[in-house]
Amino acid sequence: MRLNNKNGSLDFFREKCRAFNLKVTPQRIIIYKELFKSKDHPNAEVLYKRVKNIIPDISLDTVNRTLITFSKIGIANVVEGYGEARRFDPHTENHHHFRCINCNSLIDFDFKPYDDIIIPGNIKKRFTILHKKVLLEGYCDRCQKNK
Ligand SMILES: [Zn+2]
Ligand SMILES: [Zn+2]
């Protein structure tokens, strides 16, 4: 069985760390757990503030470096950027995004037909496709109300 991190499982985390020779430290576990609890695709600074409540003497740099390491070994993904600070996604399995162009919130959703989307032949020939992700953009429910 291929482990995934759908439930934020520590087994998945431990196995990934082991595979990449990364030590499973209490600090890394806490950063992983906080990232996984975050539904907002936080950047390092946002997550740092949450982790700091648990580990008061942690530095932003440590959180940032840990997140980059996580994304390198497949524990997290870096979200496509819009000229802002790099944001992280704890969900590495197939899913799609809605982005609000007003408040920049990024919301996960699942939709099977998007998973099965076809890649054009000329793209397939030129590039190696690793992920397929559909991005819908518009106004979120909150911003719609305030307009
Ligand atoms: Zn919005
Ligand atoms: Zn996501």
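Right above here is the structure, for reference.
Summary of the structure given here. (Residues numbered from 1 in each chain as written. Chains lettered and ligands numbered in written order. Predicted model: local features only at pLDDT ≥ 70, side-chain atom pairs only at ≥ 80, totals over all residues. Heavy atoms only, no water.)

Attention now goes to the overall build of the protein chain. When helices and strands are counted, the protein chain shows 7 helices and 5 strands. Secondary structure of the protein chain in N-to-C order comes out as α-α-α-α-β-β-β-β-α-α-β-α. Within the protein chain, the fraction of its 147 residues that count as buried is 34%. Here the protein chain has roughly 9,600 Å² of accessible surface; of this, 52% comes from carbon and sulfur atoms. The centroid of the 27 positive side-chain charges in the protein chain is displaced by 3 Å from the centroid of its 17 negative side-chain charges. (Helix = DSSP H or I, 4+ residues; strand = E, 2+ residues; numbered from the N terminus. Buried < 20%, exposed > 50% of the residue type's maximum accessible area, 1.4 Å probe, protein only. Areas by Shrake-Rupley, 256 points an atom, 1.4 Å probe, with all protein chains shown as cover. Lys, Arg positive; Asp, Glu negative; His and termini not counted. Charge placed at Lys NZ, Arg CZ, Asp CG, Glu CD.)

Within the protein, Cys100 (SG), Cys103 (SG), Cys140 (SG) and Cys143 (SG) serve as the donor atoms for the zinc ion (ligand 1), at 2.3 Å. Coordination at the zinc ion (ligand 1) comes from 4 donor atoms whose angles at the metal span 105 to 114 degrees, giving a geometry best classed as tetrahedral. Between consecutive donor residues of the zinc ion (ligand 1), the sequence gaps follow C-x2-C-x36-C-x2-C. Of the two residues, Cys100 is situated in strand 3 (residues 96–100) and Cys140 in the loop between strand 5 (135–138) and helix 7 (141–146); the sequence distance between them amounts to 40 residues. When sorted by exposure, Cys100 lands in the same class as Cys140, which is buried. (Donors = N, O, S within 2.8 Å, 3.2 Å for Na, K, Ca; no water. Tetrahedral: all angles 85-135°; square planar, octahedral: opposite > 155°, others 65-115°.)

To continue, consider the side chain of His95. Looking at where His95 falls in the secondary structure, it is placed in the loop between strand 2 (88–89) and strand 3. Side chain to side chain, His95 and His97 meet in a polar contact 3.1 Å long. (Polar contact = N/O pair within 3.5 Å; in protein donor to acceptor, adjacent residues only side chain to side chain.)

Here the focus is the packing of helix 3 (residues 44–52) against helix 4 (residues 60–72). At a closest axis distance of 9 Å, the pairing of helix 3 and helix 4 adopts a crossing angle of 115 degrees. As helix 3 packs across helix 4, the resulting crossing turns out to be right-handed. Between helix 3 and helix 4, the residues in contact are Ala44, Glu45, Leu47 and Tyr48 and Leu60, Val63, Asn64 and Leu67, respectively. Within the contact of helix 3 with helix 4, the residues separate by chemical class into 6 nonpolar, 1 polar and 1 charged. (Axes fitted to C-alpha atoms, helices over the stretch in contact; angles between N-to-C directions. Left-handed = near helix turned anticlockwise from the far one by under 90°. Contact = heavy atoms within 4.5 Å. Nonpolar A, V, L, I, M, F, W, Y, C, P; charged D, E, K, R; others polar.)

Evaluated as defined, the whole model comprises 6 salt bridges. A salt bridge links Glu34 to Lys37, with the shortest nitrogen-to-oxygen separation between them at 2.9 Å. Of the two residues, Glu34 and Lys37 both sit in helix 2 (residues 26–37), 3 residues apart, roughly one turn of that helix. With a relative accessible area of 57%, Lys37 lands in the exposed category. (Salt bridge = Lys/Arg side-chain N within 4 Å of Asp/Glu carboxyl O.)

Counted at 1.5 Å a residue, the expected span for helix 2 with its 12 residues is 16 Å, and the 16 Å between its end C-alpha atoms agrees. Within helix 2, burial applies to Ile29, Ile31, Tyr32, Glu34, Leu35 and Phe36. Buried-residue contacts for helix 2 involve helix 1 (10–19), helix 3, helix 4 and strand 2. (Expected span 1.5 Å × (residues − 1).)

Counting 22 residues, the largest nonpolar core has Ile31, Leu67, Phe70 and Ile75 as its most contacted members. Counting only elements with at least two residues in this core, the list comes to helix 1, helix 2, helix 3 and helix 4. The dominant element in this core, judged by the number of residues it contributes, is helix 2, at 5 residues. (Core = buried A, V, L, I, M, F, W, Y, C linked by side-chain atoms within 4.5 Å.)

At this site the zinc ion (ligand 2) is bound by His41 (NE2), Asp89 (OD), His95 (NE2), His97 (NE2) and Asp108 (OD), with donor distances of 2.0 to 2.3 Å. Within one chain, the residues serving as donors to the zinc ion (ligand 2) are arranged as H-x47-D-x5-H-x1-H-x10-D. A single burial state applies to His95 and to His97, both of which are buried.

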